[in-house]
Amino acid sequence: MSIVDLTSMGESQAELREEINDRLSRLQDEVSDYCFQCAKCTSGCEAHKLLELEPHKVVALLKRGLIDELVNSDVIWTCMSCFKCRERCPQKKVAPVDILFALKNMAVASGKQIPGKYTGMLQSILSIGLIQETQSVITRDNKTNKREDLGLPAISKPVDAAKFQMVLSKLAVEKV
Amino acid sequence: MKKYALYPGCVMPTEQYAYELSIRETFPLLDIELVDLEGFSCCGEPMKSVNQLMTLYLSARNLAIGEKQDIDLFVPCPMCHLALSECKHVMENNVEMRDRVNGMLVSEDLQYKGSVDIVNTVDLLHDHIGVDQIEKHVRKPLDGLKIATHYGCHLIRPSEIGRPVDSENPQKMETVLKILGAEPLDYAEKLDCCGAPILANLPESALTKTGQKLQRVQEQGFDVFVDVCPWCHRMFDSKQVKAGETVASKLEVPVVYLTQLLGLAFGVKKEKLGLDLNLSPVDKLKIGD
Ligand code: SF4
Ligand code: SF4
């Protein structure tokens, strides 16, 4: 079963959306109580200068309950998960980075297209347990090397692939 | 001799072979025995934007594999180390979630109980082995080598769940490098992100972050840039030429893993440390052999 199949299974995604919604409501309560819009998060944000992410505005929009706007916006996918906003927020209860993770999870659960290479990585985890197969690499003088050429032991991956896949694909469908 | 299972994650064992080679070469010299276990998977952190419960499940699964063999995990990748640390934090503080995840682990005959510890390259060297022990093995000191360190965001933050180094002024790599004879120096961009987390969806911007940081390092005249993260190293070393193009600059910064420098200072041969796999101009360094 491919990820495209998984994410189009509307019924089970409803349960999943409900779960992420609960998470977002909890976050909304927290930011309403604590965030005072000082914008310290934005001042140190790694995605601010380059990609115009303003975490304090994300927090403000969540405070007003504008979740759909946020979920549909591309800007949530510019966060580099550097955790500086969470680390430096003077109100320790507020973590813009965690709000952004929840919003991205919601975008995926709502059947919006998963951007870039995420789908490929997810598919790879489902089939071999890792985000990619072992790669051939080149040396500075252009020789190709595989993992085994370098005397490294066999790679560790799930032993019973069928069992591993069963739990994980259930998770991908029902409770992202 | 202390024993650890080496938890490799995804990026190191599938392409960042220099890190794995230099780890397997150097830690046994420091009386650390590394054991390989079957069955590990991705830690789940790369999937956090897609599905956070999947991240939690995958992390718990890997910790449970270590528990089954009753062995602590050595986790060289900061991203994996963060995922596993956060998983321990959640499982310890949220009984409901712990029961739910354990319910999912049953099918592979696994259980999370919370009995294993995890260590990263930096705290294993600095806190557990210690600089006194490291100093005894130095054969070829890295005299006067001017070093810019890069810890990687996931190793330093968020401190609330417990990270191996200080969140605003990490110095453990510097302490280790000084014992090797080198001269690590702080610089304004030290805590800047490498950009890797958005390589999957915004590759140009990701490389620009890499290029901007390396450009500043180059301008400040450092001899070498040292990292401990396979994701960061892929940006700074493997993709250095492309990163340079994004900032219209010819970058020629030697980038090495901390464990490669450690090996060189211990007198280990370059090939054994995978130094021919670094794509940045490490020949400029004139150290080793
Ligand atoms: S999230 Fe924290 S740092 Fe950001 S504006 Fe609100 S209080 Fe300030
Ligand atoms: S975690 Fe994301 S939102 Fe927070 S400072 Fe870093 S890039 Fe900005």
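Here the structure is a predicted model, which means the values were calculated and not measured.

Criteria and thresholds
- Residues numbered from 1 in each chain as written.
- Chains lettered and ligands numbered in written order.
- Predicted model: local features only at pLDDT ≥ 70, side-chain atom pairs only at ≥ 80, totals over all residues.
- Heavy atoms only, no water.
- Helix = DSSP H or I, 4+ residues; strand = E, 2+ residues; numbered from the N terminus.
- Rg over C-alpha atoms; globule rule 2.2 N^0.38 Å.
- Buried < 20%, exposed > 50% of the residue type's maximum accessible area, 1.4 Å probe, protein only.
- Contact = heavy atoms within 4.5 Å.
- Areas by Shrake-Rupley, 256 points an atom, 1.4 Å probe, with all protein chains shown as cover.
- Lys, Arg positive; Asp, Glu negative; His and termini not counted.
- Charge placed at Lys NZ, Arg CZ, Asp CG, Glu CD.
- Polar contact = N/O pair within 3.5 Å; in protein donor to acceptor, adjacent residues only side chain to side chain.
- pLDDT = per-residue confidence, 0-100.
- Core = buried A, V, L, I, M, F, W, Y, C linked by side-chain atoms within 4.5 Å.
- Buried area = accessible area lost by both parts, 1.4 Å probe.
- Salt bridge = Lys/Arg side-chain N within 4 Å of Asp/Glu carboxyl O.
- Pairing = 2+ DSSP bridges.
- Near = heavy atom within 4 Å.
- Nonpolar A, V, L, I, M, F, W, Y, C, P; charged D, E, K, R; others polar.
- Axes fitted to C-alpha atoms, helices over the stretch in contact; angles between N-to-C directions.
- Arc of directions from axis to C-beta.

With that out of the way, let us pick up the overall build of chain A. The helix and strand tally for chain A stands at 10 helices and two strands. Each helix and strand of chain A, placed in order from N terminus to C terminus, yields the pattern α-α-α-α-α-α-α-α-α-β-β-α. Computed over C-alpha atoms, the radius of gyration of chain A comes to 20 Å, more than 25% over the 16 Å expected from 2.2 N^0.38 for 176 residues, which places it beyond the range of a compact globule. Once the C-alpha set of chain A is aligned to its principal axes, its extents read approximately 55 × 45 × 25 Å. A burial count over chain A gives 47% of its 176 residues as buried. A sequence separation of at least 24 residues applies to 68% of the contacts in chain A between residues at least 6 apart. Put simply, chain A shows about 8600 Å² of open surface, and 49% of that area lies on carbon and sulfur atoms. With 24 positive and 23 negative side-chain charges, chain A shows a spacing of 7 Å between the two charge centroids.

It is worth spelling out the overall build of chain B at this point. Within chain B one finds 13 helices and eight strands. With the C-alpha coordinates aligned to their principal axes, the bounding extent of chain B is approximately 55 × 45 × 30 Å. Pairs at least 24 apart in sequence give 76% of the contacts found in chain B among residues at least 6 apart. Total accessible area on chain B is roughly 9900 Å²; 47% of this is exposed by carbon and sulfur atoms.

Attention shifts here to the side chain of H56 of chain A. Residue and element names in this part refer to chain A. Inspection of the secondary structure assignment puts H56 in helix 5 (residues 55–63). The exposure class of H56 is buried, given its relative accessible area of 14%. A distance of 2.6 Å separates polar atoms of two side chains, one belonging to H56 and the other to T42.

Turning to the confidence of the model for chain A, a few remarks are in order. Counting all residues, the mean pLDDT for chain A is 90, and 91% of those residues have values of 70 or more. Residue range residues 1–5 of chain A is modelled with pLDDT below 50. Its contacts to residues more than four positions away, or to other chains, number eight contacts.

Ranked by internal contacts, the top residues of the largest apolar core, which has 114 residues, are L24, L103 and L168 of chain A together with Y57, L73, V101 and F225 of chain B. Contact partners of L168 of chain A, with chain neighbours within four places excluded, come to I125 and L126 of chain A together with M54, Y57 and L58 of chain B.

Each side of the interface is counted separately: chain B has 68 residues, and chain A has 60 residues. Summing both sides of the interface, chain B and chain A together bury roughly 5600 Å²; the carbon and sulfur share of this comes to 61%. On the chain B side of the contact with chain A, Y17, S49 and V50 of chain B bury the most area, a combined 12% of that side's loss. Put simply, chain B and chain A have eight salt bridges between them. A salt bridge links R86 of chain A to E86 of chain B; its shortest N-O distance comes to 3.9 Å. At the boundary of chain B with chain A, the tally comes to 32 residue pairs in polar contact (both at pLDDT 80 or more).

Time to look at the pairing of strand 2 (residues 32–35) of chain B. Residues and elements named next belong to chain B. Of the two faces of strand 2, the one holding I32 and L34 is buried and the one holding E33 and V35 is not buried anywhere. Bridge count between strand 1 (residues 2–6) and strand 2: four bridges; the pairing is parallel. Bridge assignment links K3 to a residue of strand 2, and that residue is E33.

Here we come to the site of ligand 1. C35, C38, A39, C41 and C89 of chain A are the nearest of the 13 residues found near ligand 1. Residue composition of the shell around ligand 1, grouped by class: nine nonpolar, three polar and one charged.

Moving on, we get to the sheet that holds strand 7 (residues 224–227) of chain B. The strands that make up a sheet pair up through hydrogen bonds in the backbone, lying either parallel or antiparallel. Residues and elements named next belong to chain B. Across the sheet, which stays open at both edges, the four strands sit in the order 6-5-7-8 with parallel pairing between neighbours. The open sheet has two edge strands, strand 6 (183–184) and strand 8 (255–257), and neither has a second partner. When strand 5 (residues 146–150) meets strand 7, the two strands line up parallel, connected through four bridges. Opposite T149, over in strand 7, you have V226 as the bridge partner. Where helix 11 (residues 230–238) meets the sheet, it contacts strand 5, strand 7 and strand 8, and its direction lies at approximately 160° from that of strand 8.

Below, the discussion takes up the site of ligand 2. The environment of ligand 2 is formed by 13 residues, the closest being C45, C79, C82, F83 and C85 of chain A. For the shell around ligand 2, the residue count by class is 11 nonpolar, one polar and one charged.

All names here are of chain B. Listed as buried for helix 9 (residues 172–179) are M173, E174, V176 and L177. Projected onto a plane normal to the axis of helix 9, the buried residues spread over an arc of 165° and lie on a single side. Of the surrounding elements, those touching the buried residues of helix 9 are helix 6 (121–129), helix 7 (131–135), strand 5, strand 6, strand 7 and helix 13 (258–265). Of the residues trailing helix 9, G181 is marked for its positive phi of about 95°.

Moving on: helix 11 of chain B. With eight of nine residues buried, helix 11 of chain B lies mostly within the body of the structure. Buried residues of helix 11 of chain B: P230, W231, C232, H233, R234, M235, F236 and D237 of chain B, and no others.

Residue and element names in this part refer to chain A. The topology assignment puts R23 in helix 2 (residues 10–34). Put simply, R23 and A102 are 79 residues apart on the chain and 7.3 Å apart in space, counted from C-alpha to C-alpha. In this structure the side chain of R23 is engaged in a polar contact, spanning 3.3 Å, whose partner is the side chain of N105.

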